[in-house]
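If you want the building blocks of each chain, they are given just below.
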Amino acid sequence: FLIRALNADLPYDKFVQWQLAGDELAPENPLAMMATGFLGAGAFPTQLTETEFESARYDELDDMVMTTGVSFLGLSVGCARCHDHKFDPIPARDYYRMAATFGSAIRGETDIDLSPHENRKRQSEFAVQLAAKKTAVQDYEQGTLPTRFRTWLATAPSAEPLGPWETLHVTSVDSLAGTKFEAQSDSSWLATGSVPPQDVVTIVAESHRPGIRSLRIEAMTHDSLPQKGPGRAGNGNFVLSDLKVTAGPLVGGPASNAGGEPMVQKLFSARATHQQNTGDLSVASSIDDNATSGWAVDAGGIGKDQAAVFDLATPIDFVEGTRWTITLNMNHPNPHHSLGRFRISVSDRAQPQPEVGSIGPDAKVVRAQEVLRRSVNQTSIDETSIDETSDDWKTGLAWFATSDPEMVALKQTVADLEHKGPGLQFAKVMVTSEGLPHMSHHADDRGFPHFYPETHLLKRGDVHQKQEVVRSGFLQVLAPAGVELSHWQVQPPQGWTRTSFRRATLANWMTDPKQGGGSLAARVIVNRLWQHHLGRGIVSTPNDFGVSGERPSHPELLDWLAADLIEHGWTVKRVHKLIMTSQTYMQSGTHDEPRAEIDRENNLLWRRSPQRLEAEAIRDSMLAVSGKLDLTQFGPGTLDQNMTRRSAYFFIKRSQLIPMMMLFDWPEHLVSIGQRPVTTIAPQALMFMNSPQGRDYAVAFAKRLPQDSPEQAVAEAWRLAFGRVPSRDEAQASLLFVHRQQEAHSAAGVGDSKNLAIVDFCQTILSMNEFIYVE
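A brief look at the structure comes next. (Residues numbered from 1 in each chain as written. Predicted model: local features only at pLDDT ≥ 70, side-chain atom pairs only at ≥ 80, totals over all residues. Heavy atoms only, no water.)

**Some remarks on the environment of Ser 286**
Part 1 of the argument: Following the sequence through the fold, Ser 286 ends up in the loop between strand E10 (267–272) and strand E11 (306–316).
Part 2 of the argument: Spatially, the C-alpha atom of Ser 286 lies 5.9 Å from that of Leu 240, the residues being 46 residues apart in sequence.
Part 3 of the argument: Setting aside chain neighbours within four positions, we find Ser 286 in contact with Leu 240, Ser 241, Asp 242, Leu 243, Gly 294, Trp 295 and Phe 310. (Helix = DSSP H or I, 4+ residues; strand = E, 2+ residues; numbered from the N terminus. Contact = heavy atoms within 4.5 Å.)

Next comes the structure, spelled out in C-alpha cells:
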C-alpha cells in the first residue's frame, strides 16, 4: 500500500484517512482496505496467559494511540496513559477517548483483488468454458443416458446379493456450530470451513434393508484435513463424545416392532478398528454416560481410515424402510476435536466386525432397480411402458449415471474445471478492522477475546484500577470550543453493521485543517519532507511538536509549506519538487567561517550540509550501479541478505537482522522513529572493502564498463556512480590506480590482471564518500 500510494501521489489527507479507517471510508477499494494494516503493524504478543489478556489488549490500544499521535500529529499522546500529560495540554481522559476509538479494531487477514481487470477476464473465460462443459453433460443426460439405461435394464444380469453393509441414504446433515458438510462421491460427507471449538452434528438418513442389527461409523481421511485426519484437530484427531440414534418407519404402515413409531435405540457392544486407549478415549466411551469421554484415534490411528461398530439392543425391521436420526456429539473439553469426514452404514448381520470400505450400492437404488426390472419384463422395451415420471425411474437413472463411463467422464471434466477454478489472483494481506475473522493467536484455545466491548479510564494505566467507561473522542486542544464530535461523525451506509465508524470519524477530524487536527498534521508531514531532503527538519524533533520539542527554526516557512500543501490538494510530490528546486536546497556546501561563527550548527541553512543516504538507499544504489537491481514490485519479503530486490523487501526479524542495514543505522522497527541517527564507524568502510556483497557488486559493475579502453572504462564508471564525468585530475588518478593494480595482480600471478584491476577500481568508486552522500 505504501509503495503504491506514494508512487501514485495519493493525497496525504486521504493517505492518513485510509490508514486509520480505509475499511470504513472506502471498503470496496483494495488499497484502502490494505492501508489499515498500519494500525496492526505494532507488537502482537502471541504467548499470553489468561491473566494477561486484558492488559495485552490495552497495550495494543496504547501502541495504536501512541503511534497515531507521533506519526500524524507529532504529539506524544502516549505519555497520557498513566496521568495527564506533564507538558502538553493532553489529559488522560483524552488519551482513553482516543483508545476507545480503536476499541473493537483487531488484526485480520483477507484476500485483496489488486488486478480486477485481469481477474474479470479470467472469470469470464472460466464461465464460458464451464457453461460449455455443463451443456455437454445436460445434453448427454437428457438425450443419450435414458436410452442407455433402458438397454441396460433389459440386458443386465440380476442384481448380486447385497454385502454385509448398506450405506445410509443421507437426506440432511446439520451442525449446531454451523459447520458445512459436502457430499462425496463415495457417500461420505466432508466438513469444510473453519473448525468450531465444539460441535453437535445431526444426520437424517434412510435405509431399506430389513432386520438391521448394527450401525457402523467410518471416520475417513482426506487431504484437506490436518495430518489427513480423520479429525479436524491440529494433530488430525477427533473425539466422538456421545452417539445418539433414533429409528422410525420411512413411511406409515405396519411394522414388526414398536408399533411403527420412532424410538431411541439403545446401543451396546462397541468395537473399532483403532481406539486411543481403553479408558476415556475408547470407542465404548462414546455410548457411556460421561459427556467428557469419547472415541478418539490418536496413538497410531492418525492419517488412516477408521471404523466403529455399535450393536442395536433391538433389531430394526420396518417393512417400507427406516428413517434414521443420528446425533454425533463432539463436545470434548479439548477444542476443535470434531470429525472431518464420515460415512454411516447399517448391517443385518449379527455382531459384524469393524471394517473400512466394505460398501454396496445404496439400498434405495437397488429397490428402484428391482421395480424397474419387473416393469421392463412385463412388456417389451419398444413399448416404453416404464413410467419415467416415477420416483423409482428417477432414482434408478440417477444411480445409472454414476456407473455409465461416458456420463462419469463428462461430469468429471466439470468437476475438474470447477476444482481448478478461474485462477483468480488475490493478495493475502493483514487488515485492521471490525467484524472480520481475527488472526490466529496461540491463546485462542483459552478464550483470548482479541478485544473488549468497553474501554475504561484506567488509574495509573492499571487494568485493575478501572474507573468509568469512556466514549470515543479526540484531543480537546485541537478542536475549537463548542464543536461537538458529531461535526466529524460519519454515518454508516444503510444496513451497515460490521464496523462502528468511530475510526472514520477520527480520520475526518485528524485531516480537517479548519476545525480539527489537519493544520497540525500538514505541518508535521511537510517538516518530515524538509528533513528528508535537508537532513534536519524545520522542527528538529519531528515526533514532538509539543512543549518539550524544539522550536521551529523558520516558523513562517513551516506555516507557509503546510498551507501550500493543503491549498494544492495535499499532493506530496509537489512539495518534494518545491523543496528540491529551491535555492536553499541547491546552494553550495562550501564552508564560510564568518557565517559559521554566527550559526555553527547551520540551523539557519546558510550552506547545504552534506547528507548521507539511509541504509536502504546505500544498498539499493550499489545494486543499481552494478546492474544487479531487480525492480520487481510487491510480493513476499525475505531475510536473505543476498537478495537483489530493493531493501524495502527485507523482512524484519529481531533475531536475524541484516548486517549491512545495521551498520548504517537501521532503526528499531517496533516504534515510530522520527529521525534516524547517523553514525560513522570503521566497520562501514570495511563493508565496502571486505564484504562478499561489496565485492560481488564491484564485479557486476565492472562487467557494465567498456572492455577495450581503460580510459573509457574510467569515464563510464564515474558517470554511472556519480552522474558526472571525472575531472582531469580524477581521471589521471583513476588510470594510475588501475595501472598499479594491474601490475600488482600480474606480479602475484592471480588470474586476469586487467579485469581484476577494473574490479578493484569499481570497488574503490563504490567506497567513496561521494557515492553515499548527497552533496
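Here the narrative resumes.
**Some points on the pairing of strand E15 (residues 455–458)**
On any regular strand, side chains alternate: one points to one face of the sheet, the next to the other face.
Part 1 of the argument: Side chains of E15 alternate between two faces, with Thr 455 and Leu 457 and His 456 and Leu 458 buried alike.
Part 2 of the argument: The pairing of E15 with strand E16 (residues 466–470) spans 3 bridges and is antiparallel. For Leu 458, the partnering residue across the bridge sits in E16 and is Lys 466. (Buried < 20%, exposed > 50% of the residue type's maximum accessible area, 1.4 Å probe, protein only. Pairing = 2+ DSSP bridges.)

**Quick notes on the packing of helix H12 (residues 555–567) against helix H13 (residues 572–580)**
Part 1 of the argument: Closest axis-to-axis distance for the H12/H13 pair is 9 Å, and the angle between their directions is 140°. As far as their axial angle goes, H13 and H12 are oblique. Here H12 and H13 pass one another in a crossing that is right-handed. For the pair H12 and H13, the contacting residues are Trp 560, Leu 561, Asp 564 and Leu 565 in the first and Val 572, Arg 574, Val 575 and Leu 578 in the second.
Part 2 of the argument: Across the contact of H12 with H13, the residue classes break down as 6 nonpolar, no polar and 2 charged. (Axes fitted to C-alpha atoms, helices over the stretch in contact; angles between N-to-C directions. Parallel < 35°, antiparallel > 145°, perpendicular 65-115°, else oblique. Left-handed = near helix turned anticlockwise from the far one by under 90°. Nonpolar A, V, L, I, M, F, W, Y, C, P; charged D, E, K, R; others polar.)

**As for the nonpolar core**
Part 1 of the argument: The biggest cluster of nonpolar side chains holds 68 residues, and the ones touching the most others in it are Leu 20, Leu 73, Leu 475 and Trp 509.
Part 2 of the argument: Per element, the largest residue contribution to this core is 9 residues, and it comes from helix H11 (residues 518–534).
Part 3 of the argument: Counting 38 residues, the second-largest nonpolar core is a separate cluster that includes Val 625, Phe 701, Cys 762 and Ile 772. (Core = buried A, V, L, I, M, F, W, Y, C linked by side-chain atoms within 4.5 Å.)

**With respect to unusual backbone geometry**
Part 1 of the argument: Omega for the bond connecting Gly 229 with Pro 230 falls within 30 degrees of zero, at 15°, which places this linkage in the cis form.
Part 2 of the argument: Here Pro 230 shows up in the loop between strand E7 (212–219) and strand E8 (242–249).
Part 3 of the argument: The phi torsion at Ser 269 lies on the positive side, around 50°, for a residue other than glycine.
Part 4 of the argument: You can see Ser 269 is positioned in strand E10.
Part 5 of the argument: Of the residues examined, Ser 269 reaches a relative accessible area of 32% and is grouped as partly exposed.
Part 6 of the argument: If you check the backbone angles, Gln 351 has positive phi at about 45° while not being a glycine.

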